[in-house]
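Letter by letter, the chains look like this.
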Amino acid sequence: MKKYLLLILTLIFVFYSCDKDEYAIPKDENGNIIWTGVSSSTTTGISSLDNSFTVEATFPNAKSGDVMNVELLQLQLPPGGGTTNQLLPLAGTQKEVSVDNNLKATVTYTRDQANLSEVGDYVEVVFNGERDYAKRRVTMTNSMSVSAPNVITPSSNIEVEVARTAEVANFIIEVAPKEGAFSGNVKVERKNGTAGTWVDVSGSPYSGTNQPYLAPISGNEFVVENDTMFYKFTATQGNYSESIEKTIIVRDPYFYLKKSAVLSLGTSSAGINLLTNTPVAANAATAMIAVDGSLLLKGGSAWLASGNMIEFVPTTKAIYALNNSNETIEKFEAGTPTTSVDPITGEGVFIFKATTGTAAEDVYYGMIMVTEVKPDNSVSFEYRIGNMYAHLAVIK
């Protein structure tokens, strides 16, 4: 034990006996502690349509005029042999840059110098100097983005599954190179089925500063025998291009939205605004369906008095589950519409047609499936609504 104690005391003595300057905290001429900083860097980045990129590094520990040796590192096989890629200096990329009065240094490389050809390729930009060091990874990114088919409304864009109707949805295309505004064009092609022929989409190629570009898609463009359409989007600027491909499956027309409601007799929720799924009183101006005096489903009195109309035709749970808007509308037209229905009639499923104006989009078809009836109290139901893209700007 004494031996260990003697060793500890000896180490302590040696530590404090050393020249204190070896352990002194760096200070300036006024005796203030000099805090060293950590270098940082930023980059313009590079996309598939850009020719070059720039990296700016800040060196808090350097001095103005210091020379920084810069080079690029990239994954590659060692020149001495091997089967595993390593981050190694890229030939021909060595440069010298000077630190300016703001302790910054900037370097620029072309994509050819950096050996960047595809999205996802990257290099490490390394600055080495006498007093400081910095590193920045630069990865080639996409310059173009293409959305799924959307319905463009005044307040938002709503993604939809394309249905076999004459209505038009749009792909939303945006192109944003890193070096500046896009000055090229975007070609959009489509073919129906793998054996189909590529044809230009209406309006293609798209160009100009008014982005996003909107490329139309309609269910009527799909042939009856083939429900798959392939789309190819190619953005070109100068010597560079980028392509994105999408596959769209068309479906039979359907009601886009499903909601639920509970109508309670004699309360402020005796009616429902089907478009906003908002409970209202039976005599409210927006009560498209209401229960008033009984549990019969009918249009609200004030809503009907404004020139609106709603009619019902009974159907089945199988039709409700199928959710084919064309077939549902055909069954309504083939039936005998009534202005009110008893919720316990038949299977408790009804097709409705609500009319709020003279335009085609002012007619709302849908289906109701009653889920619960409490005698002399309330009716609960699910409903499907929205058989046109245009309805999506109105139905909430």
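That block above? That's the structure.
Read on for a plain summary of the structure. (Residues numbered from 1 in each chain as written. Predicted model: local features only at pLDDT ≥ 70, side-chain atom pairs only at ≥ 80, totals over all residues. Heavy atoms only, no water.)

The helix and strand tally for the chain stands at 4 helices and 29 strands. Compactness check: the chain gives a C-alpha radius of gyration of 35 Å against a globular reference of 21 Å for 396 residues, more than 25% above the reference. Oriented by its inertia axes, the alpha-carbon framework of the chain measures out at about 105 × 70 × 45 Å. By residue count, 41% of the 396 residues in the chain fall in the buried class. (Helix = DSSP H or I, 4+ residues; strand = E, 2+ residues; numbered from the N terminus. Rg over C-alpha atoms; globule rule 2.2 N^0.38 Å. Buried < 20%, exposed > 50% of the residue type's maximum accessible area, 1.4 Å probe, protein only.)

What follows deals with the sheet that holds strand β1 (residues 40–43). With antiparallel pairing, the 3 strands of this open sheet are ordered in space as β1-β3-β7. Of all the strands in the sheet, just β1 and β7 (104–110) have a single pairing partner and so form its edges. Looking at each pair of strands side by side, their axes are set apart by 20° on average, direction ignored. Inspection of the sheet shows β1 paired to strand β3 (residues 52–58) by 4 bridges, in the antiparallel sense. By the bridge assignment for β3, Thr-42 is matched with Glu-56. (Pairing = 2+ DSSP bridges. Axes fitted to C-alpha atoms, helices over the stretch in contact; angles between N-to-C directions.)

Inspection of the secondary structure assignment puts Thr-315 in strand β25 (residues 309–315). Among the residues examined, Thr-315 registers a relative accessible area of 12% and is labelled buried. When the C-alpha positions of Thr-315 and Lys-191 are compared, they lie 39 Å apart, and in sequence the two are 124 residues distant. Beyond its immediate chain neighbours, meaning those up to four positions away, Thr-315 contacts Lys-331, Glu-347, Val-349, Phe-350 and Ile-351. (Contact = heavy atoms within 4.5 Å.)

What follows deals with unusual backbone geometry. Between Ser-204 and Pro-205 the backbone carries a cis peptide bond, its omega angle lying at 0°. Relative to the helices and strands, Pro-205 resides in the loop between β15 (199–200) and β16 (206–207). For the bond from Gln-211 to Pro-212, the omega torsion is 5°, close enough to zero to count as cis. Checked against the element boundaries, Pro-212 lands in the loop between β16 and β17 (213–218). Phi at Asp-376 is positive, roughly 55°, even though this residue is not glycine. With respect to the secondary-structure elements, Asp-376 resides in the loop between β28 (363–374) and β29 (378–385). We classify Asp-376 as exposed; its relative accessible area is 73%.

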